[in-house]
Amino acid sequence: MPINIFHRTNRSDVDNLFRDDESGGGGSGSDTDAPGGVEGRTGSRPTSSHQQQQHRTVYLNQAQPIKYCSNAISTAKYRYRLLFFLPMFLFEQFRRYANIFFLVIALLQQIPGVSPTGRYTTLVPLISILVVSAIKEIAEDLKRHKADDEINNREVEVVKDDGQWARVRWRRLKVGDIVKIHNNSFFPADLILLASSEPQALCYVETANLDGETNLKIRQGVSQTAHRLEARDLVNMAGKLECELPNRFLYQFAGNLRENDKPAVPLSPDQVLLRGAKLQNTNWVFGVVIYTGHETKLMKNSAASAPLKRSTVDKLTNQLIILLFLLLIILCLIMAVCNSQWEASLHWYLAIDDLSVFNFGINFITFVILFNNLIPISLQVTLELVRYIQASFINNDLDMYDEESGVWAMARTSNLNEELGMVKYVLSDKTGTLTCNIMEFKRCTVAGTSYSIDDGSAMELGALSEGSGTVSATVREYLTMMAICHTVIPDHDEKTGAIIYHAASPDERALVKGAKELGFVFSTRTPDYVIVDALGHKEQYHVLNVLEFTSTRKRMSVIIRTSDGNIKLYCKGADTVICERLSAASQYKDTTIRHLEEFATEGLRTLCFAVADISSEFYEDWKKTYYAASTALHMREEKLEDAAQLIENNLMLLGASAIEDKLQDEVPETIAALLLAGIHVWVLTGDKQETAINIGHACRLLTPGMALIILNTETLVETREQLSRRISEFGEQLKRENEAALIVDGKTLIYALTPDLRKDFLDLCTSCKSVICCRVSPSQKAEIVDLVNSGRNAVTLAIGDGANDVAMIQKANVGVGIAGQEGLQAACAADYTIAQFRFLARLLLVHGAWNYSRLCKVILYSFYKNICLYVIELWWAVLSGWSGQVMFERWTIAMYNVLFTAAPPLVMGIFDRSCSAATRMKYPELYKESQSCSQYNMKVFLWWVFLALAHSAILFALPVFSMTQDVAWGNGKTGGYLMAGNMVYTYVVVTVCLKAGLESSAWTWPTHLAIWGSIASWFLFLFVYSNFWPALPLASNMSGIYIQVFLSPLFWFGLILIPLSALLIDFSAKILNNSVRKSLTEAVRESEITNKDLGKVLDTRNRLTETARLLKNVFRRTNTRVSLEIEMPHGFAFSQEEHGVMRQAEVIRAYDTTQPKPGGM
């Protein structure tokens, strides 16, 4: 079971209960304690195999005795390229029962005297199918290898023995290498931090690519290596580094650094820099490589290689092929029995008297070969070509091209094109997928007045702060607080002189940047004071104390001493915690709350700002209390909180800020379209609950008034109780969509995904309109996808942009990667790649719906046309003594799927469409038809089989009986069986081609060309083929047959009458469906053709049922476990790492921006 990897607290009881057995994970069984088994050679007792696998030993500045995993990664299906391509490819192809069947038929045809259709009529097409499929697979997999090579060929600096830095490709990086990583660069492997450009070996790391969190993490090297600031210092290091074996737990690590002649230094997750994370706000770091390639924690959380996915349509086709195979066996048994019971005395010259049992077996095999084409061998080739061309349409769609990034949509596999039209659940990452991971200060309310950056009103605050009066004083206090109440570190660009702000919290960075825009520039930080350039005047503030933000406190405070000696406390946080600490004399509360509600409806992240004047006497007393709490040995956190409570009161409200966690373009519109299409949208993120809910409101996944069901549990028993209570509240509405949203955190998921609670949890999820899972690990994301796949048997689509999304992308039926700024890991592992989330709507609603409809018609039509022709051999067997005699010449049979009926399904699969792209985008409800699998299921398949059988009976009976009752020519002569066979064959070709036209929704010029061209090709073939003999030693029995056929009035009369008679059933059914049982798509199509108003056809209004209204009230009344703060009616959200390696107060005390940083040469 998955582990909640986002907490470092001791949870051994949970870990022991739920952890997978990964003691030997990572393929590192060769890891040993000593190089080359030295102990054994020196006479010491050799270490046992079990002991050798307990940890990994990395030697510093010397060759490793063991060859570890390569740092090259592969996300391709066929990872080792040509080495295992053939067996893996054949395994994939022969998972299709049709290919197994045709292989058996090809082998049976090699038995002399058995096959009535020749030895190679099945083998050659089968080989052609496999070759075409292999070419397509190679072409698609080469794209994956190309993307992998782009990552593997990135370069990083590695220190060499001579103390110089050399650039090395990522793929050449080895365990034990010491590397230098620059700012804004990704870590190429899992590293142990040695030193950095920042004080005390600190560095900031962005892990959004790993866990989805937007705030930066602080990592710190151990003090024993922090002084090694140059390459020569690193070269002089000698010793070894011991660490645990590779595993998938992102924030669990144990190791020791043992330098020669020095005591061992313990290593923890605070010293680990993980592959996939990014260095931020730090000029450079030095690190030693401990895990490489597929042994890194990032890759351990991903599947080893791209899974072999199959579409729902493919799986159903496999089942139908089994059904047809059973039908074929029954049919052949009937014919073999009838042949054995045939009255030979009437035709004594055809009978064989001996070996009747042997003849029964031979006849059975003969009939199997004769009827093998009931299962269309051409279907695989047609599907491969159609899917490949459909994928090219996706790749070249201008409406899914992102001009800003220059990224086109890309179908990395074409095997799932139709699956895009059947998606029921979209499970999306948040950071980088829905959001741009950019925080911007947008609005504020100060002294009861609302201001906005967008309309320019906020720019008046600077001038207003210079005025006199209470409002001006409040504005100046507010802007000053924005500039100094934070833990941001300023840095100056040496080239441009511009100020760059480094912060662990993106919210604080946005606030400081906002203050800078308004004229209050935070410019300097030292361990004791900060300097603010306020409208051109430099002001110095001494920082006395920093009371840090935690998710429990929901606020942070800074105590400062101004230049005139006054002491002030600035406090910012959630409106609920600030308001309850306000002084009775505080103003603007009601107005500020009203503005907060307005900001929250826009999806903005809000913080309230307040100030308090502190007397020197009170501060000195409080400082002693706070110091005593900070040095307490017991209950330190509780005592620090109590101390903070003493000073964080009697606040005066200044106003509030509103920060936009910038969404990608058209995200709310895209989600609205998906919801209208009947697609459930779930958000799975590693970010905090407050942030996730805030984004849910911003992207309109959560709407005002929607009931929020929030599950935050600590134990298995509590989780079971909560689930039971919530399920009982739904009553009869359980498993139906309600106007409610479920919010659940990663810790709760640990218990909710246990076997005995999975079903209840899924029932609760599917009863809600929206689901948001917070603080989830990559493995939990994958398990949620698997839960929906198995529990609801629905098609799932997972979309994300980071490496932490790879697991769920590979687990889902369809994986979509955002080719964003977080690296290419998700894009490489995905089935489809798009530049932005907004393109998902077109990918599903247009391409998905079109591809599904087209593929369904191609498959059904392929079955239909083959049954229509080859069942005629059954009717013919009745007249030919069940002898296995074919009615048609063998090469005309072979050409049926290759030439005469190949074009119609191909064109149908490429160009057919019921509605235009613009209509499908405007009316997403049209997607529900393909989503419901209404066009391809057992009922529809049996209807097509019935039509094929009916058509074959009509097309055989009418020509044959007309020949028995009438003469073929005016001279009174009659033709032989080939004359009748070619007449029937002609009518079959005409009928199935016209049937293709009847099923086509769009009669384009390729449609006309395919239908009439196919019919013409048969007539041309008959003319040419009948003239082969004697010029070519081929088809002697067809010599001159075209003269017999074309000169017969009966043939031309039947050419008009018989196909129309056969299609009369289809015409009747079509009229009935389009008049009495007209589908929504058909109604829209007719409106498009007649240029009618589509709005009259589609009623897109969403009405809230009375039951849903009652449910809202129930949830609001019974949601007693969750406080109003957590429900966040006013949009509070704040991101910052908690319980990190250093407190924020300690971090800012370590910086002095007036001093230069080391260069790390």
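Bear in mind the structure is a predicted one, so any value in this text is a computation, not a measurement.

## With respect to the sheet that holds strand β12 (residues 278-280)
Then, in step 1: Strand order in this open sheet of three strands is β7-β6-β12, and the pairing throughout is antiparallel. Strands with a single pairing partner mark the edges of an open sheet, and in this sheet they are β7 (216-220) and β12. Averaged over all pairs of adjacent strands, the angle between strand axes in this sheet comes to 45°, irrespective of strand direction.
Then, in step 2: In the sheet, strand β6 (residues 202-206) pairs with β7 via five bridges, with the strands oriented antiparallel. Bridging across to β7, L202 finds its partner in Q220.

## Considerations on the nonpolar core
Then, in step 1: Core analysis: the biggest nonpolar cluster contains 147 residues, and F371, L797, L840, L844 and Y936 have the highest contact counts within it.
Then, in step 2: The leading source of residues in this core is helix α29 (residues 839-870), at 20 residues.
Then, in step 3: Each of two domains, domain 1 (82-152) and domain 3 (377-388 + 846-1077), supplies a minimum of three residues to this core.
Then, in step 4: Every residue in contact with Y936, bar those within four places of it in the chain, is listed here: V313, L316, T317, L320, Y852, C856, I859, L860 and F863.
Then, in step 5: In terms of nonpolar packing, the next biggest core, distinct from the first, is built from 86 residues, Y541, C571, A643 and I1148 among them.

## A few points about the pattern of salt bridges
Then, in step 1: All chains considered together, the criterion is met by 46 salt bridges.
Then, in step 2: Across the salt bridge formed by R605 and D507, the nearest N and O atoms sit 2.8 Å from each other. Here D507 lies in helix α16 (residues 506-517) and R605 lies in strand β25 (residues 605-614), a separation of 98 residues in the sequence. Both residues of the pair, R605 and D507, belong to the buried class.
Then, in step 3: By sharing partners, the salt bridges in this structure join E440, K442, D454 and E660 into a single network.

## Overview of the pairing of strand β3 (residues 165-169)
Then, in step 1: With five bridges connecting them, strand β2 (residues 155-159) and β3 associate as antiparallel partners. Each residue of the ladder has a partner; that of V159, found in β3, is W165.
Then, in step 2: Between β2 and β3, which pair antiparallel in sequence order, lie five residues; one of them, G163, sits at a positive phi of approximately 80°.

## Examining a negative patch on the surface
Then, in step 1: Judged by side-chain charge, E404, D665, E666 and E669 come together as a negatively charged surface patch.
Then, in step 2: One can find E404 in the loop between α13 (378-395) and β14 (410-411).
Then, in step 3: A relative accessible area of 73% places E404 in the exposed class.

## Looking at the pairing of strand β17 (residues 449-452)
Then, in step 1: Relative to β17, strand β16 (residues 435-446) is paired through four bridges, and the arrangement is antiparallel. Bridge pairing in β17 places T445 opposite S450.
Then, in step 2: Counted along the chain from β16 to the antiparallel partner β17, the turn is two residues long, and its residue A447 has a positive phi close to 55°.

Criteria and cut-off values
- Going along each chain's sequence as written, the residues are numbered from 1 onward.
- Given that this is a predicted model, residues contribute local features only at a pLDDT of at least 70 and side-chain atom pairs are listed and counted only at 80 or more, while totals for whole chains, interfaces and linings are drawn from all residues.
- Just so you know, side-chain values use all the structure's heavy atoms and leave hydrogens and water out.
- At least two bridges found by DSSP between two strands are what make those strands a pair.
- Only runs of H or I of at least four residues qualify as helices and only runs of E of at least two qualify as strands under DSSP, and these elements are numbered from the N terminus.
- Whenever a helix is involved, its axis is fitted only over the stretch in contact; in every case the axis is a line through C-alpha atoms, and angles between N-to-C directions fall within 0 to 180 degrees.
- Remark: nonpolar core denotes a set of buried residues (Ala, Val, Leu, Ile, Met, Phe, Trp, Tyr, Cys) joined through side-chain atoms within 4.5 Å.
- Here's how the labels work: a residue is buried when its accessible area is under 20% of the maximum for its type, exposed when over 50%, partly exposed in between, all with a 1.4 Å probe on protein chains only.
- As annotated, the domain borders come from an automatic or database domain assignment.
- Throughout, a contact is declared for two residues whenever any of their heavy atoms are within 4.5 Å.
- Every case where a carboxyl oxygen of Asp or Glu lies within 4 Å of a side-chain nitrogen of Lys or Arg is listed as a salt bridge.
- A patch is a set of surface residues, each over 30% in relative accessible area and not in a salt bridge, joined within 9 Å for like charges and within 5 Å for the nonpolar side chains Val, Leu, Ile, Met, Phe, Trp and Tyr.
- Using the Shrake-Rupley algorithm and a 1.4 Å probe, accessible areas are obtained, with residue cover drawn only from the displayed protein chains.
- Positive residues here are Lys and Arg, negative ones are Asp and Glu, while His and the chain termini are left out of the count.
- Note on charges: their place is set at NZ of Lys, CZ of Arg, CG of Asp or CD of Glu.

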